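For reference, the chains in residue letters:
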Amino acid sequence: MPDNVRSYAVAHLAGDGIGPEVTAVARDLVDLAGKQHGFTIDWRHCPLGSEHYLRTGEVLPDEVLDGLRKTDAILLGAVGSPQVPPGVLERGLLLRLRFELDLYVNLRPAKQRPGVDAAGADDLDFVVVRENTEGLYAGAGGIVHRGTAFETATEESLNTRAGVERCVRYAAKLAAKRSGKLTLVHKTNVLTNAGSLWMRVAEEVAADQGVSLDYTHVDAACLYMVSESGRFDVIVTDNLFGDILTDLAAALTGGLGLSASANLNPDKTGPSMFEPVHGSAPDIAGTGKANPAGAALSAALMLDHLGEPEAAAELEGAVDAVLAHGGAATTEAWADALAEQLARTEVTR
Ligand code: IPM
Ligand code: MN
């Protein structure tokens, strides 16, 4: 291979349900973009998920995790299956990857795209920066007195100053590159402990980064997202609020099929992981109906993170162009239309 060809090692963790179908399309598009922009991807197949678990009992073996640490990025389809009890794969695979690889930012853009008949306002265009390693997801808590009338279940929200700060700092820097406005979403009137920490840290970081700071309670944020979304540009919030708000944002912008996410290690001490916001959708797996646009847009976020911003912009542009022409009815039709569009972009570039 000539020296001037850039190459990236990317783990393809297709996962369950429609995961393999949609990431196969995204992978081919990334390869095509690579041909056009002078880079190659060394894809590493990573067969984890429900099938592997049911066959072997393994969720995420340590040696596989160590292999993933050596890659430049991970492209993930979806995990979760009705045959596996809730939490086994979600906690054991997806959350463990987020925690072990220190993917402390979950970046989820929400944007009205051309030609999409969506419930949200036309000018809706914001980004949610979701804290991705702490909060109620951290796994603190337990069950005591199991099986008695007073069985007690607790889930504790962990919020460290360092963890909150690094996430808010990422969001503030992003806001500085966009409109200069950062919105903290929390519930400081009830969650006074965590809320106080988040608020103080957000004030310090916003002042330090020279961005303005707005604050909205999470319940009001849901209302505004529907009725007045133009007030948001960059939202920063904790893990669970971010999880919920981004499904709402997806519904407002044309559904989960179009939503992308990046689980980022912004310090680049290891790979980041890119995945569509949708789940494994076992009900439509294998029918050829899955929409690969969310996976393609996630792959665009991956290319941007790998340092290929032009290829990333062209891939996102291809999705927009296909959407503007009414989208496509099947996974295969999407794949063809997106590839054709990318090829056309090269001609006009
Ligand atoms: C998401 C998903 C996950 C989450 C689940 C599958 C654990 O809903 O990525 O938003 O809650 O983070
Ligand atoms: Mn979610």
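As a starting point, this report considers the structure included with it. Bear in mind the structure is a predicted one, so any value in this text is a computation, not a measurement. (Residues numbered from 1 in each chain as written. Chains lettered and ligands numbered in written order. Predicted model: local features only at pLDDT ≥ 70, side-chain atom pairs only at ≥ 80, totals over all residues. Heavy atoms only, no water.)

### What about the overall build of the protein chain?
Applied cut-off: Elements are defined by DSSP. Helices are runs of H or I of four residues or more, strands are runs of E of two residues or more, and each kind is numbered from the N terminus. For a compact globule the rule gives 2.2 Å times the number of residues to the power 0.38, and the radius of gyration it is set against comes from C-alpha atoms. A contact between two residues is defined here by any heavy atoms of the two lying within 4.5 Å. Under the convention used here, a 1.4 Å probe and the Shrake-Rupley method define accessible areas, while residue burial counts only the protein chains that appear. In this count, Lys and Arg are taken as positive residues and Asp and Glu as negative ones, while His and the chain termini are left out. Throughout, a charge is located at the NZ atom of Lys, the CZ atom of Arg, the CG atom of Asp or the CD atom of Glu.
A count of helices and strands for the protein chain gives eleven helices and twelve strands. Computed over C-alpha atoms, the radius of gyration of the protein chain comes to 20 Å, within 12% of the 20 Å expected from 2.2 N^0.38 for 349 residues, which places it in the range of a compact globule. Judged by the C-alpha coordinates and their principal axes, the protein chain covers about 60 × 50 × 40 Å. Considering only contacts in the protein chain between residues 6 or more positions apart, those separated by 24 or more positions represent 74%. With the model as given, the accessible surface of the protein chain reaches about 15200 Å², and the carbon-plus-sulfur share is 53%. Charged side chains of the protein chain number 29 positive and 48 negative; the gap between the two group centres comes to 3 Å.

### Here's the deal with the pattern of salt bridges
Definition in use: Here a salt bridge means any side-chain nitrogen of Lys or Arg lying within 4 Å of a carboxyl oxygen belonging to Asp or Glu. The buried label goes to any residue with under 20% of its type's maximum accessible area, the exposed label to any with over 50%, and the partly exposed label to all in between, with areas taken from a 1.4 Å probe on protein chains only.
Summed over the entire model, instances satisfying the criterion amount to 22 salt bridges. Residues arginine 44 and aspartate 42 are paired through a salt bridge, measuring 2.8 Å at the closest nitrogen-oxygen approach. The exposure class of aspartate 42 is partly exposed, given its relative accessible area of 33%. A salt bridge links aspartate 102 to arginine 166, with the shortest nitrogen-to-oxygen separation between them at 2.8 Å.

### Section: the site of ligand 1
Put simply, the test is: It suffices for a single heavy atom of a residue to lie within 4 Å of a molecule or strand for the residue to be listed as near it. Two N or O atoms count as a polar contact when they lie within 3.5 Å, although within protein this holds only if one can serve as hydrogen donor and the other as acceptor, and sequence-adjacent residues are included solely when both atoms are side-chain atoms.
Taken together, Glu90, Leu94, Arg98, Arg108, Arg130, Tyr137 and Asp243 form the complete shell of residues around ligand 1. At a separation of 2.8 Å, an oxygen atom of ligand 1 approaches a polar side-chain atom of arginine 108. Between aspartate 243 and ligand 1, the recorded distance is 2.9 Å, taken from a side-chain N or O atom to an oxygen atom. Against a free-state accessible area of 320 Å², the protein chains account for coverage of 76% of ligand 1.

### Regarding the nonpolar core
What counts is decided by this rule: Here, nonpolar core refers to any group of buried Ala, Val, Leu, Ile, Met, Phe, Trp, Tyr and Cys residues whose side-chain atoms link them within 4.5 Å.
Val10, Val129, Val168, Leu182, Val236 and Met302 are the most contacted members of the largest nonpolar core, which has 64 residues in total. Counting residues per element, this core draws most heavily on helix α9 (residues 293-306), at ten residues. Setting aside chain neighbours within four positions, we find valine 10 in contact with Ile41, Asp42, Trp43, Arg44, Ala73, Leu75, Met302 and Leu306. Ranked by size, the runner-up nonpolar core spans 19 residues in total, among them Cys46, Val79, Leu93 and Leu94.

### Quick word on unusual backbone geometry
You will see that lysine 268, though not glycine, has its phi angle at about 55°, which is positive. For lysine 268, a relative accessible area of 53% corresponds to the exposed category. Even without glycine at this site, alanine 281 takes up a positive phi of about 40°. By secondary structure assignment, the location of alanine 281 is in the loop between β12 (272-276) and α9. With a relative accessible area of 24%, alanine 281 lands in the partly exposed category.

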